[in-house]
Amino acid sequence: MYEMRIVLCVPLAEKEELETALRDAYAAVDRGGILIVFTDRVAFLEDIREHACDTVIVSWNGAEGMEIVRSVREYNGEVPLVWMSEDEYFARAGYWFHIASFVKKPASKEEIRAIPQRCLEWRKRNESCIVL
């Protein structure tokens, strides 16, 4: 059986809470998988360059988050990408990078539970689309 590889990049202060919520969200929809969590942006970007992944979630605010999202798209234009940020202004910028979903922080449990489904729907809509 194939296990999904979900990669999360999150500041250390948010790690525990978001990691737990995402594990619960993926378990709730029977989309088990391996959740790999990075608090170091450089290590995260090295990992996604070297390993295939099924979903990428970036939980960084503002310009820092946008730079990480841009870097993800440089390495992988096909992966469903979720961006979580406190600043709604960046939601529009996120769509320039063809994200699957923008989630305003702090996110409710319902918003986090919706992430797996949004990524699945994004993948279905974009099966033949390659973003460069």
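Residues numbered from 1 in each chain as written. Predicted model: local features only at pLDDT ≥ 70, side-chain atom pairs only at ≥ 80, totals over all residues. Heavy atoms only, no water.

Asker: Mind showing me how you'd approach the packing of aromatic side chains here?
Answerer: Within a pair of aromatic rings, the relevant descriptors are the distance that separates the centres and the angle that separates the planes. Inspection of the entire model under this criterion finds 4 aromatic pairs. Ring geometry for Y89 versus F90: centroids 5.1 Å apart, planes at 80°, classification edge-to-face. Using a relative accessible area of 59% as the deciding quantity, one classes Y89 as exposed. Given the relative accessible area of 11%, F90 is considered buried. Grouped by ring-pair contacts, the aromatic residues W83, Y89, F90 and F102 constitute a single cluster. Sitting above the plane of the W60 ring, R41 keeps its charged end 4.7 Å from the centroid. (Phe/Tyr/Trp six-rings, centres within 6.5 Å; stacked < 30°, edge-to-face > 60°. Buried < 20%, exposed > 50% of the residue type's maximum accessible area, 1.4 Å probe, protein only. Lys NZ or Arg CZ within 6 Å of the ring centre and 35° of its normal.)

Asker: Help me understand the packing of helix α1 (residues 12-28) against helix α6 (residues 115-125) in this model?
Answerer: The angle between the axes and the distance between the axes are what describe a pair of packed helices. Between α1 and α6, the least distance of the axes is 8 Å, while the angle of their chain directions is 60°. In terms of axis orientation, α1 runs oblique to α6. Contacts between α1 and α6 involve L22, A25 and Y26 from the former and I115, P116 and C119 from the latter. Residues belonging to the contact of α1 with α6 are distributed by class as follows: 6 nonpolar, no polar and no charged. (Axes fitted to C-alpha atoms, helices over the stretch in contact; angles between N-to-C directions. Helix = DSSP H or I, 4+ residues; strand = E, 2+ residues; numbered from the N terminus. Parallel < 35°, antiparallel > 145°, perpendicular 65-115°, else oblique. Contact = heavy atoms within 4.5 Å. Nonpolar A, V, L, I, M, F, W, Y, C, P; charged D, E, K, R; others polar.)

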